[in-house]
Amino acid sequence: MTDPHDQDDPELSALACRALSRELIPTTEAEVRRAEAAGEEFTGELPPRLRQLGERAPLTAAEPGAQSARVVSLADERARRFGWGTHLVAVALGAAAASVLFVVASREPQSTPATGASVEPRIVPLEAAAEARAEAPILLPARESCGAGCCAGKECKAAKPELRECPSGRSCIPCRPELTQARYRARVSALTPLGDAARVLASIPAGGAEACVRAGAAREECVVMQAEGSGAPPWTSLALPISAQDLLAGLQLRIVARGVAKPLAEWQSPVPVSPTLLCRGLSLRPKAGEVPFGVISVFLDDAYFVEIDRAATVAPLLTLGRRIDARGASLRVFETRRQEDAGFSLVLGPLEHGAAEKQRWTLLEAGLPARVTLGEEHVGEPRAIER
């Protein structure tokens, strides 16, 4: 079937016949490309009868001007609209790609104009640059100076004479210690026997006498009771950290013989945390009934540690520790209870809570997996870091 009006334009009639051999309008990109390759397009002004359709269509608000009845080639229109833009985009992409390629060059001393020699940049592989950064020294923040809000310690200018030198080893103690997050680890001295205590302790098998400490509702912890002058270490640190609230609820000390229910001597009292306590500690006199049994000193040390990293062996932690300038803080390697994978830990401390958090952030920014702990997994005496 043919339209008699198509006889007015043979070219349009031929195009219509070719189009009717398949779908009238290409519906996929591939069909459009095939149609363009085959030259199946019409350019120029529409025939008068087809132009009438456009003339009858009303203009909309989005089409304020007169509509053209000219049909144009899609390829020509693409070239007209996007030809220069395409080249500009290609240039921009090329420049962006070039910008991500860079050379790390070290600046060598420039030669004098008299020699006329040029200096070639030294190419440093990115891997080597990353390793150099990884091996860079790590400088930890120094402890804050003792300000006006202090009451004890040799660095505290406002301290009273009796609190300027602290047997506990603390050098700067604030007038109002932070008690909410504070945790302490009791350090117990050897016993100085009084009265008949020396004879009683001598009758107990070696290692059978113990000093047991409990604070508040916390569990009791016992360590071997050392007698003064026995050659044993003069101080023993308890593993269990205690809080200021536990101490205020009551501190209890018992001297016991292992396997005997009745204690040899005991002492108990509430202990409020104060600058004097943190400086001078406690001098306890446990009694056997009403008779003093001996004298034991107890100091409260800060209990927080910053665990810097863990490893299955000691050597890598020692290497890492030598990169860290702890600015006088204690940096050591502890054995831990986790022997199956990471049995050793590089730690900083002990510290009070605020200082531990500050150091943790410095180490995290240096790329180390630091975290604050209470040292619950530490076993035995630590290994020092030699420089």
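To be clear, the structure that these remarks concern was listed above.
Just so it is clear, the structure is predicted and the values come from calculations on it, not from any experiment.

*Asks:* I'd love a proper account of the overall build of the chain, names of residues and values included.
*Replies:* Each helix and strand counted, the chain has 10 helices and 24 strands in total. A total of 387 residues make up the chain; the buried ones form 33% of that total. Partitioning the contacts of the chain with sequence separation of at least 6, the portion at a separation of at least 24 is 64%. Taken as a whole, the chain presents about 24600 Å² of accessible surface, with 57% of it coming from carbon and sulfur.

*Asks:* Can you break down the packing of aromatic side chains residue by residue, with the values?
*Replies:* As enumerated under the stated definition, the model contains two aromatic pairs in all. When the ring of Phe305 is compared with that of Phe334, the centres are 6.0 Å apart and the planes differ by 70 degrees; the resulting orientation is edge-to-face. In this pair, Phe305 sits in strand β19 (residues 304-311) while Phe334 sits in strand β21 (residues 331-336), placing the two residues 29 residues apart along the sequence. Classification of Phe305 as buried rests on a relative accessible area of 6%. A cation over an aromatic ring shows up here: Arg187 above the ring of Trp235, its NZ or CZ 5.1 Å from the ring centre.

*Asks:* Mind laying out the sheet that holds strand β22 (residues 344-351), listing which residues take part and the relevant values?
*Replies:* The strand order across the open sheet formed by five strands is β23-β19-β22-β21-β24, and the pairing between neighbours is antiparallel. The open sheet is flanked by β23 (371-373) and β24 (378-384), the only strands paired with a single partner. With strand direction ignored, the average angle separating the axes of adjacent strands in the sheet is 40 degrees. In this structure, β19 lies alongside β22, joined through six bridges in antiparallel fashion. Paired with Asp309 across the strands is Leu346, a residue of β22. Docked against the sheet, helix α9 (residues 315-323) engages β19, β21, β22 and β24, running at close to 125 degrees with respect to β19. Against the sheet, helix α10 (residues 353-365) engages β19, β22 and β23, with an angle of about 30 degrees to β19.

*Asks:* Any details on the state of the cysteines? Residues and values, ideally.
*Replies:* What the rule picks out here adds up to five disulfides. The disulfide partner of Cys146 is Cys172, and the S-S distance across this bridge is 2.0 Å. The chirality of the disulfide connecting Cys146 with Cys172 is right-handed, given an S-S dihedral of about 90 degrees. Remark: Cys172 occurs in the loop between β6 (150-152) and β7 (173-174) and Cys146 occurs in the loop between β5 (138-139) and β6; sequence separation between them is 26 residues. In the chain, the bonded cysteines, taken in the order they occur along the sequence, pair up as 1-6, 2-4, 3-7, 5-10, 8-9.

*Asks:* Residues and numbers for the nonpolar core, please.
*Replies:* Of all hydrophobic cores here, the largest spans 38 residues; its most connected members are Tyr184, Leu247 and Ile296. Counting 24 residues, the second largest nonpolar core, distinct from the first, contains Ala303, Leu317, Leu318 and Phe344.

*Asks:* With reference to specific residues and values, describe α10.
*Replies:* At 3.6 residues per turn, the α-helix brings residues three or four places apart onto the same side. Counted at 1.5 Å a residue, the expected span for α10 with its 13 residues is 18 Å, and the 19 Å between its end C-alpha atoms agrees. The complete set of buried residues in α10 reads Ala356, Gln359, Arg360, Thr362 and Leu363. Taken down its axis, α10 places every buried residue within 165 degrees of arc, on the same side. Where α10 starts, the residue carrying a side-chain oxygen 3.0 Å from the main-chain nitrogen of Gly354 turns out to be Glu352. Just downstream of α10 lies Gly367, where phi reads positive at about 90 degrees.

*Asks:* Explain unusual backbone geometry to me, using residue names and the numbers behind them.
*Replies:* Geometrically, the link from Gly349 to Pro350 is a cis peptide bond, its omega value of 15 degrees lying close to zero. With respect to the helices and strands, Pro350 occurs in strand β22.

*Asks:* Tell me about the environment of Thr180, and name the residues and values.
*Replies:* Positionally, Thr180 belongs in the loop between β7 and β8 (183-189). Given the relative accessible area of 58%, Thr180 is considered exposed. With 173 residues separating them along the chain, Thr180 and His353 place their C-alpha atoms 9.9 Å apart.

*Asks:* Help me get a handle on the side chain of Ser189, residues and values and all.
*Replies:* As for its placement among the helices and strands, Ser189 is situated in strand β8. Of the residues examined, Ser189 reaches a relative accessible area of 12% and is grouped as buried. For Ser189, the side chain forms a polar contact with the main-chain nitrogen of Ser297, separated by 2.8 Å. For Ser189, the residues in contact, after removing those within four places along its chain, are Met225, Pro234, Trp235, Ile296 and Ser297.

*Asks:* Before we move on, could you go through the pairing of strand β10 (residues 209-215) and cite the residues and values that matter?
*Replies:* Taken across its seven residues, β10 has six buried, putting it largely inside the fold. Where β10 and strand β13 (residues 251-257) come together, seven bridges link them in antiparallel fashion. What sits directly across from Ala209, in β13, is Ala257. Pairing geometry for β10 and strand β11 (residues 221-224), over four bridges, is antiparallel. What sits directly across from Ala211, in β11, is Val223. The turn joining β10 and β11, which pair antiparallel and follow one another in sequence, is formed by five residues; a positive phi near 60 degrees is taken by Gly216.

Here is what the cut-offs are and how they apply
- Residues numbered from 1 in each chain as written.
- Predicted model: local features only at pLDDT ≥ 70, side-chain atom pairs only at ≥ 80, totals over all residues.
- Heavy atoms only, no water.
- Helix = DSSP H or I, 4+ residues; strand = E, 2+ residues; numbered from the N terminus.
- Buried < 20%, exposed > 50% of the residue type's maximum accessible area, 1.4 Å probe, protein only.
- Contact = heavy atoms within 4.5 Å.
- Areas by Shrake-Rupley, 256 points an atom, 1.4 Å probe, with all protein chains shown as cover.
- Phe/Tyr/Trp six-rings, centres within 6.5 Å; stacked < 30°, edge-to-face > 60°.
- Lys NZ or Arg CZ within 6 Å of the ring centre and 35° of its normal.
- Pairing = 2+ DSSP bridges.
- Axes fitted to C-alpha atoms, helices over the stretch in contact; angles between N-to-C directions.
- Disulfide = S-S within 2.5 Å.
- Core = buried A, V, L, I, M, F, W, Y, C linked by side-chain atoms within 4.5 Å.
- Expected span 1.5 Å × (residues − 1).
- Arc of directions from axis to C-beta.
- Polar contact = N/O pair within 3.5 Å; in protein donor to acceptor, adjacent residues only side chain to side chain.

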